[in-house]
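Report on the structure
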Amino acid sequence: MKPAKILSFTLGVLQTNCYIIVSGQGNALIIDPADQGEYLLEVLQRNRWKLIKILLTHGHFDHIGAVNFLREQTGAELYVPEQDAAMIHDLYENLGIMFDQYDEQLFRIQTPAEHLVKDKDQVSMDGIILTVCHTPGHTHGSSVYIGEGVLFSGDTLFQGTMGKPGQYTGSLQELLHSLQKLSELDGDYRVLPGHGAETTLSSERAENPYMGKNLYDNYY
C-alpha cells in the first residue's frame, strides 16, 4: 500500500486511535472513527478529501462514535467484520451501555453496513489495497487490515501487550491464536494499533510476551 498520507487521531472517552488514509487522487478512507465526527469532517473538507469508505476493526462502542455522522454527511460506505455485524447495533454487546451518559447516536450504528468483510477479503481505493486478516479474541469478529508495510491492528495487538478478551464474544484462546498468526506474517510491518503508541511487528515479535512461543504454549 502506498497512500499519499496516513493521519492519526486519538479520540473519544477511551482515547481510541483513528486513522485516515488518503490516496493521491484525494479520496479517503477512515479506520475506526471513534468520536468527534464534526472535527473529522472538518479535516476532510479543509483538505478537500472525499471520504468514500469507513472501516471498522471490530464492533465495540469506542471505535464507532463518529460512524453515523460521517455516513450521513458524506455517503461513505461502511465495512464491518461479518462476525461483529450485529454488535454495532447493540448497546449491550458493544459495551456502550456501560457508560451512564451513553448516547445512542454515538454508540449504536443506525443502519446496517454496506459491506461485511471476512478473512482474506480486500478493500481497495485508488490502488491502495488493504487485506483483511481475521484475528478473533478481543471480539469474535476482530480483524486487522494489512497494507504494504503497515498493519492496522485494532484492539488485537498493542505495543508490548494485547487487547483484553472482550465480554460476550471474546476468547483468550482465540486471541493468543490470533497473535501467533500475526507473528508468523512474512517480513516487518509498521503497527498502528487501536490504542496507545505505534510500534513494529519485528519489535513485538522480539519483546511482546504474548507473541512469544513459550508463553503461548503455557496457556494449553
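Here we summarise the structure given alongside this text. Quick caveat: nothing in here was measured; it's all calculated off a predicted structure.

How each quantity is defined
- Residues numbered from 1 in each chain as written.
- Predicted model: local features only at pLDDT ≥ 70, side-chain atom pairs only at ≥ 80, totals over all residues.
- Heavy atoms only, no water.
- Helix = DSSP H or I, 4+ residues; strand = E, 2+ residues; numbered from the N terminus.
- Polar contact = N/O pair within 3.5 Å; in protein donor to acceptor, adjacent residues only side chain to side chain.
- 1 Å grid on protein atoms, 1.4 Å probe; cavity = no way out; pocket = protein on both sides within 12 Å on 5 of 7 lines; lining within 4 Å.
- Points joined across faces, edges and corners; volume = space filled by probe spheres on them.
- Nonpolar A, V, L, I, M, F, W, Y, C, P; charged D, E, K, R; others polar.
- Pairing = 2+ DSSP bridges.
- Axes fitted to C-alpha atoms, helices over the stretch in contact; angles between N-to-C directions.
- Contact = heavy atoms within 4.5 Å.
- Phe/Tyr/Trp six-rings, centres within 6.5 Å; stacked < 30°, edge-to-face > 60°.
- Buried < 20%, exposed > 50% of the residue type's maximum accessible area, 1.4 Å probe, protein only.
- Core = buried A, V, L, I, M, F, W, Y, C linked by side-chain atoms within 4.5 Å.
- Salt bridge = Lys/Arg side-chain N within 4 Å of Asp/Glu carboxyl O.

This next bit is on the environment of Glu204. Mapped onto the elements, Glu204 comes out in helix H5 (residues 201–207). Each C-alpha atom of the pair Glu204 and Gln159 lies 6.9 Å from the other, and the pair is 45 residues apart in sequence. There is a polar contact of 2.8 Å between the side chain of Glu204 and the backbone nitrogen of Gly160. A polar contact of 2.6 Å, which involves the side chain of Glu204, links it to the side chain of Thr199.

The next thing to look at is empty space enclosed by the protein. Counted by the stated rule, this structure contains 1 cavity of 30 Å³ or more. The computed volume of the largest cavity comes to approximately 40 Å³. Lining the largest cavity, in full, are Asn17, Tyr19, Ile31, Asp32, Thr57, Phe152, Ser153, Gly154, Leu192, Pro193 and Gly194. Going through the elements one at a time, strand S2 (16–22), strand S10 (150–154) and strand S13 (190–193) are the ones with two or more residues in the lining of the largest cavity. With 3 residues, S10 is the single largest residue contributor to the lining of the largest cavity. Grouping the constituent residues of the lining of the largest cavity by class yields 5 nonpolar, 5 polar and 1 charged.

Pairing is mixed in the open sheet, where 6 strands are placed in the order S7-S8-S9-S10-S13-S14. Edge strands, defined here as strands with exactly one partner in the open sheet, are strand S7 (122–125) and strand S14 (199–200).

Before going further, it helps to spend a moment on the sheet that holds S2. With mixed pairing, 6 strands are arranged side by side in an open sheet as S1-S2-S3-S4-S5-S6. If you trace the sheet from one side to the other, it starts and ends with strand S1 (5–11) and strand S6 (115–117), each paired once. Strand-to-strand, the axes of this sheet are offset by a mean angle of 25 degrees, without reference to chain direction. The pairing of S1 with S2 spans 7 bridges and is classified as antiparallel. Its bridge partner lying in S2, Leu11 is registered against Thr16. Against the sheet, helix H1 (residues 37–46) touches S1, S2, strand S3 (27–31) and strand S4 (50–55), its axis set at about 160 degrees to S1. Across the sheet, helix H2 (residues 67–74) touches S3, S4 and strand S5 (77–81), and the angle it forms with S4 is around 145 degrees.

Before going further, it helps to spend a moment on the packing of aromatic side chains. A full pass over the atoms with the stated rule returns 3 aromatic pairs. Pairing Phe61 with Phe107 gives two aromatic rings, centres 4.7 Å apart and planes at 70 degrees, and the pair type is edge-to-face. Remark: Phe107 occurs in helix H3 (residues 104–107) and Phe61 occurs in the loop between S4 and H2; sequence separation between them is 46 residues. Relative accessible area serves as the criterion here: at 10%, Phe107 is assigned to the buried category.

As a further point, take the nonpolar core. Counting residues in hydrophobic clusters, the biggest one holds 26 residues, and the most contacted among them are Leu40 and Leu78. Counting only elements with at least two residues in this core, the list comes to S1, S2, S3, H1, S4, H2 and S5. Each residue touching Leu78, except ones within four places of it in the same chain, is listed here: Ile54, Leu56, Val67, Arg71, Ile88, Ile109, Ala113, Glu114 and His115. Grouped together as the second largest cluster of nonpolar side chains are 16 residues, Ile31, Tyr79, Met125 and Val150 included.

Right, let's talk about the pattern of salt bridges for a bit. Close approach of charged atoms allows side chains with opposite charge to pair. Applying the stated criterion to the full structure yields 5 salt bridges. Residues Arg71 and Glu114 are paired through a salt bridge, measuring 3.0 Å at the closest nitrogen-oxygen approach. One end of the pair, Arg71, is in helix H2; the other, Glu114, is in the loop between H3 and S6, and 43 residues separate them in sequence. A relative accessible area of 42% means that Glu114 is categorised as partly exposed. In this structure, Asp121 engages Lys118 in a salt bridge whose closest nitrogen and oxygen atoms are separated by 3.5 Å.

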